Amino acid sequence: MSHTFKYDILVIGSLNADLVVRAPHFPRPGETISGDDLQIIPGGKGANQAVAAARQGANVGMIGRVGKDGFGDVLLQNLKNNRVDISDVERDDASTGTAIIVVDEAGQNSIILSAGANGKVTREDVKKHSPGFQAMQAVLLQLEIPLETVVFAAQSSFGNDALVILNPAPARTLPDELFKVIDYLIPNETELSILSGIQVTDLASAEKAARSLQEHGNFSVLVTMGGNGALIVDKFDHEIKHIPAFKVEVADTTAAGDAFIGGFASALLRGLKVEEAVKYANACGALAATKFGAQPSLPTKEEVEKFIKQG
Ligand code: RIB
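About the cut-offs
Counting from 1, residues in each chain are numbered in the order their sequence is written. Note on the predicted model: pLDDT of at least 70 is required for a residue's local features to be given, and 80 or more for side-chain atom pairs to be given and counted; whole-chain, interface and lining totals, by contrast, use all residues. Computation of side-chain values: all heavy atoms of the structure, hydrogens and water removed. What counts as an axis is a line fitted to C-alpha atoms, over the stretch in contact for a helix, and the angles between N-to-C directions run from 0 to 180 degrees. To qualify as a helix, a DSSP run of H or I must reach at least 4 residues; to qualify as a strand, a run of E must reach at least 2; elements of each kind are numbered from the N terminus. Each angle is binned into one of four classes, with values under 35 degrees roughly parallel, values over 145 roughly antiparallel, values of 65 to 115 roughly perpendicular, and all other values oblique. Contacts are residue-level and defined by heavy atoms, with any inter-residue pair within 4.5 Å sufficient. Gly is placed with the polar residues, together with every amino acid not listed as nonpolar (Ala, Val, Leu, Ile, Met, Phe, Trp, Tyr, Cys and Pro) or charged (Asp, Glu, Lys and Arg). Here a residue is near a molecule or strand as soon as one of its heavy atoms is found within 4 Å of it. What qualifies as a polar contact is a pair of N or O atoms within 3.5 Å, subject to a donor-acceptor requirement within protein and to the restriction that residues adjacent in sequence count only when both atoms come from side chains. Areas reported as accessible are Shrake-Rupley estimates using a 1.4 Å probe. Residue values count occlusion only from the protein chains shown. Here the rule is simple: two strands pair whenever DSSP picks up at least two bridges between them. Working definition: a ring pair exists when centres of Phe, Tyr or Trp rings (six-membered ring for Trp) sit within 6.5 Å. Plane angles under 30 degrees give stacked, over 60 give edge-to-face, the rest tilted. Note on classification: 1.4 Å probe, protein chains only; a residue is buried when its accessible area is under 20% of the maximum for its type, exposed when over 50%, partly exposed between these limits. For salt bridges, the criterion is a side-chain nitrogen of Lys or Arg within 4 Å of an Asp or Glu carboxyl oxygen. For a helix, the expected span equals 1.5 Å multiplied by the number of residues minus one.

Enquirer: What is the right way to read the packing of helix 9 (residues 274-289) against helix 10 (residues 301-310) from this model?
Expert: Think of two packed helices as two axes; the pair is described by the angle between the axes and how far apart they sit. Relative to each other, helix 9 and helix 10 sit at 105°, their axes nearing to 10 Å. With respect to each other, helix 9 and helix 10 are oriented roughly perpendicular. Across the interface between the two elements, Tyr-280, Ala-283, Cys-284, Ala-286 and Leu-287 of helix 9 pack against Lys-301, Glu-303, Val-304, Glu-305, Phe-307 and Ile-308 of helix 10. Its residues placed into classes, the contact of helix 9 with helix 10 shows 8 nonpolar, no polar and 3 charged.

Shown next, in the form of structure tokens:
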């Protein structure tokens, strides 16, 4: 990675305290069930992706907001421990963002977000903390902060030649002005269905949905499909490429997608070709799924390299 930039990767996004309970199954409406002890774990898609990339050796900075509460202290300390530069994360009067997460026996999760301070990240924060935007090679964006801030950040980064990577989660329909300034869109199958209005059920429908979105801009789509691997719908290539998943025993899928994105971005900046970077990212996602929790589950570069060698 080149070190003439302040950062290899700048993440502009959310930080959440994840309030996680493991339960035998997801409760149905009106049902009360008992779960394991509550665990409070550092999370948030933005912060997870920042830590995921930093553990791969990238030099990472983050722009975002946490409250002036204890959760905020814990989240910032964990980013610091992982060598993510937190000097551009503001403390807000709103409480720190939280995610209420239930993990079932199969390791699948359901999540309710309470945005808190994440909802207060403005374009002013982006302007204030990224003067000139020449400061980084790639910017990672998600949708857990206000959409207009995401659009502004993407437009500013694009205008300055940084690679713009958007993880459209949680999914919502997106304006053309955003599609026009991204280089990579990385949704899962559900998110791709919501964005495109096309039900994604297999590789063919995933390609159709991705190609329909590509009509709005000039970007490649990487579809993450959990145990089915990932699909590359490259803007320069008429042929799609399916990269199979690594088989692992799943403990908890929370942040597996974030591990993929941090792993992909850092591998790409290290000079790997897209296909190789996606294979590497699949390994990052698979390893994250073998461990419980968001940020504690994100693998280091050494762990990923060893795992890939073992095949
Ligand atoms: O992608 C996983 C993350 O989604 C969790 O850490 C939770 O905070 C939610 O934002």
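Enquirer: Sorry, what's going on with the site of the ligand here?
Expert: Not every one of the 13 residues close to the ligand is listed here, only the nearest: Asp-18, Gly-44, Lys-45, Glu-144 and Asp-258. In the environment of the ligand, an oxygen atom lies 2.8 Å from a nitrogen or oxygen atom belonging to the side chain of Lys-45. Contact with the protein chains hides 96% of the accessible area of the ligand, taken as 280 Å² for the molecule alone. At the level of elements, strand 2 (16-22), helix 1 (45-54) and strand 8 (109-114) are the ones that each hand at least two residues to the shell around the ligand. Of the residues belonging to the shell around the ligand, the class tally is 5 nonpolar, 4 polar and 4 charged.

Enquirer: How do you make sense of the sheet that holds strand 8 when you look at a structure like this?
Expert: For sheets, the rule is that strands pair by backbone hydrogen bonds, running either parallel or antiparallel. One open sheet holds the 4 strands; their spatial order is 3-2-7-8, and the pairing between them is mixed. Each end of this open sheet is capped by a strand with a single partner; those strands are strand 3 (39-43) and strand 8. Between one strand axis and the next, the sheet turns by 25° as a mean value, whatever way the strands run. One ladder, built from 5 bridges, connects strand 2 with strand 3; its direction is antiparallel. Its bridge partner lying in strand 3, Asp-18 is registered against Ile-41.

Enquirer: What am I meant to see in the packing of aromatic side chains here?
Expert: Any aromatic ring pair is given by two values, namely how distant the centres are and how the planes are angled relative to each other. The final tally for this structure, using the stated rule, is 3 aromatic pairs. For the ring pair Phe-179 and Phe-219, a centre distance of 5.6 Å and an interplane angle of 15° mean the geometry is stacked. One end of the pair, Phe-179, is in helix 5 (residues 176-179); the other, Phe-219, is in the loop between helix 7 (203-214) and strand 12 (220-224), with 40 residues separating them in the sequence. In this pair, the class of Phe-179 matches that of Phe-219, namely buried. Between the aromatic rings of Tyr-184 and Phe-264, the centroid separation amounts to 5.2 Å while the plane-to-plane angle is 70°, which identifies the pairing as edge-to-face.

Enquirer: Help me understand the pattern of salt bridges, please; the structure alone is not making it clear to me.
Expert: Side chains that differ in charge, positive against negative, can pair when their charged atoms come close. Applying the stated rule across the entire model yields 13 salt bridges. Of the charged contacts in the structure, one is a salt bridge between Asp-92 and Arg-65, with a shortest N-O distance of 2.8 Å. Residue Asp-92 is located in strand 6 (residues 89-92), and its partner Arg-65 is located in strand 4 (residues 60-67); the two are separated by 27 residues in the primary sequence. Within this structure, Arg-65, Asp-92, Lys-120 and Asp-125 form a network of salt bridges that share partners.

Enquirer: Hey, could you run me through helix 8 (residues 256-269) in this one?
Expert: The α-helix advances 3.6 residues per turn, and as a result positions three or four apart in sequence lie on the same side. For helix 8, with 14 residues, the first-to-last C-alpha span of 20 Å sits near the 20 Å given by 1.5 Å per residue. Counting buried positions over the 14 residues of helix 8 gives 13, a clear majority of the element. Two residues or fewer after helix 8 comes Gly-271, characterised by a positive phi angle close to 105°.

Enquirer: I'm lost on unusual backbone geometry in this one. Help?
Expert: Cis rather than trans, the peptide bond between Ala-169 and Pro-170 has omega equal to -5°. Counting through the fold element by element, Pro-170 comes out in the loop between strand 10 (163-166) and helix 5. The phi dihedral of Arg-83 is positive, around 60°, even though this residue is not glycine. Structurally, Arg-83 is set in the loop between helix 2 (70-81) and strand 5 (84-85). The backbone of Ala-255 sits at a positive phi, close to 75°, despite the residue not being glycine. Relative to the assigned elements, Ala-255 resides in the loop between strand 14 (241-243) and helix 8.

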